[in-house]
Structures are given as C-alpha cells and as structure tokens.
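Observations on chain architecture
Spelled out, the chains give:
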Amino acid sequence: MANGQWYPPEWPERIRALAAGTLTPVAPRRAATVMLLKDTDTTPVVHMLRRRASMAFAGGAYAYPGGGVDGRDDERQIRWAGPTRAWWADRLGVDETTAQAIVCAAVRETYEEAGVLLAGPTPDTVVGDTTGEEWEADRAALVARDFSFAEFLDRRGLVLRSDLLGVWTHWITPEFEPRRYDTWFFVAALPEGQRTRNASTEADRTVWIRPGDAADGYDRGELLMMPPTIATLRQLLPYATAAEALAAAPARDLTPVLAKARLENGEVVLSWPGHDEFTKHIPTGGAPA
C-alpha cells in the first residue's frame, strides 16, 4: 500500500457491475461528522477515532465522530442559539426542518462518540461537565435511540449552540458502495471545561493529533483513512488556531464531492472530482493501481 487510502477489495467488481447496469445504487442516508479541534502552543489538534477492525464499513480506518441523521430531530422546534434555521437551510441547501436535523446529528454524534456536548442552559453558555452518571445514562439512551436528541435537549432545558459549529465540506459515498451516506463535515472547537473520551462502541482507539502528523501517517501507509478524512485533514493545515478554521467555514464551497467511475483504455478509472490524489486505475479483473 503506497498510502493509507481505504479501498475495499470488492469495489472493482461493484464498479464493473454499475457500469454494466446490473447494480442499482443505494439511496444515500443523510449524515453529519465533526472535526473537533483544540489549540496547542503551535497548531490545532483534531480528535480522531479508529473504527474497530470488525466494523463492516471502513473497519480499521481513522475518522471523526459522526453518524446518520435521526428523522425525529425535525419533528419539534428546539431551543436554538446562533445562525437561524433559515440560515442553516440556505447554507446546507435543504429545508429548515432538515437543516435542524442535520445540525442536531452533528451535535448528537459528538456527544455520543466523544462525550462532548455543544449545548448549554442559555444561548451563551455551554455545559461544563458531562461525565456524571445521569449524563452517561442519557448518552447511552441516545445511542440506543430510546429518544431523539431534540427530546433530550428539551427534557434537560438545553439550548443547541449552532454558533459553535461551522460546516466545512460535503461528500457523498460513491454509487457502487452498498452503504451510502450524504455527509456534511463540520468543524467545532472543544468547549472550555469539557474533555473527550472514547465513548463509542465502534472505536477501539481515540487520539488528539495534529492534522499534519495525521496526514504524514496516511502518506506513509501507517494510518488508514477514507478519502474525505485525509482530504479534510489537508484542508486544515493552513489554520493556526481552531478559531481561524471556524472563521473560514462560512466561505467554504459545499458542492458535493461524489466519486466517478469511467471506462478508459480497457480499465476502470475511479476519481473524486477536485481530488486527483485519490484516482485509481482498475484493470479488467485486476487490482487497483
């Protein structure tokens, strides 16, 4: 492996089936993932988790906290701070109720998988500690989908701090993948007083790592990552602080990135528009190059 690009062995066969018209693409599920940042003396570090090798999707790969949107989170108005739902709807290219559900997914997944909650009792505060038994019981119930995140916020009288998030980029899983996600990537800074922990049943390791170090590990083939993960790490390199990255988010292009496969000179060429480093050439019956 020249680098750490995650590449399932079944992809060539599925790509050829898609090209032949014998594979019907699965509809992607809306999802959100969060690049949680904190500052050090020299550069921001980002919170990453390593997915368990037993996971069916991207096992062993490093990723950020994230997961699917819960449709129940568009069913009720919640206490909300920061840009309005209308602003988020325009930014994400969806309606207002869907925008609320996507932002809820970003905040919920950060809480479920990292123990960090971007919400507070008032529009200008954030909870300081989420490690108690009652907090853990609620977190476990959210993971089990016993209630929605909107219900959780309402029951605890919390305000969702959408102003602590910036949407960064938008990727859609390739059409030939059996598990597809329409994913918005967000950035956020670790709130003062809160700490991350490995709260995810899907991860066997978590790290705070400089984006440059993580990218170097990928380039050496030591850290396995999916294309959007390494792409976003490289995009974070210019920023000296978490605040700088958040300030840059509103100007980011959210045109969805979707892999394309084409037949060329007797081989399948797999590419991600705007990201030439991920291009793969797949000979008929052979392995990717």
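This text gives an overview of the structure that appears in the document. (Residues numbered from 1 in each chain as written. Predicted model: local features only at pLDDT ≥ 70, side-chain atom pairs only at ≥ 80, totals over all residues. Heavy atoms only, no water.)

Time to look at the pattern of salt bridges. Tallying each qualifying case throughout the model produces 16 salt bridges. Across the pair Arg145 and Glu112 runs a salt bridge, and its minimum N-O distance is 2.6 Å. With Arg145 in the loop between helix 4 (133-143) and helix 5 (149-156) and Glu112 in helix 3 (residues 96-114), this residue pair connects regions lying 33 residues apart in the sequence. A relative accessible area of 29% means that Arg145 is categorised as partly exposed. The partner of Glu222 in a salt bridge is Arg220, and the shortest N-O contact between them spans 3.1 Å. A single burial state applies to Glu222 and to Arg220, both of which are exposed. Among the charged side chains, a network of salt bridges with common partners joins Asp73, Arg108, Glu109, Glu112 and Arg145. (Salt bridge = Lys/Arg side-chain N within 4 Å of Asp/Glu carboxyl O. Helix = DSSP H or I, 4+ residues; strand = E, 2+ residues; numbered from the N terminus. Buried < 20%, exposed > 50% of the residue type's maximum accessible area, 1.4 Å probe, protein only.)

We now examine the sheet that holds strand 13 (residues 267-272). Read from one edge to the other, the open sheet built from three strands follows the order 12-13-14, with strand pairing classed as antiparallel. Edge positions in the sheet fall to strand 12 (260-264) and strand 14 (275-283), since each of these pairs with one other strand and no more. On average, each strand axis in the sheet is tilted by 25° relative to the strand beside it, whichever way the strands run. Two strands pair when backbone bridges link them, and strand 12 and strand 13 are joined in this way by five bridges, in the antiparallel orientation. Residue Lys260 lies in a different strand from strand 13, and its bridge partner there is Ser271. (Pairing = 2+ DSSP bridges. Axes fitted to C-alpha atoms, helices over the stretch in contact; angles between N-to-C directions.)

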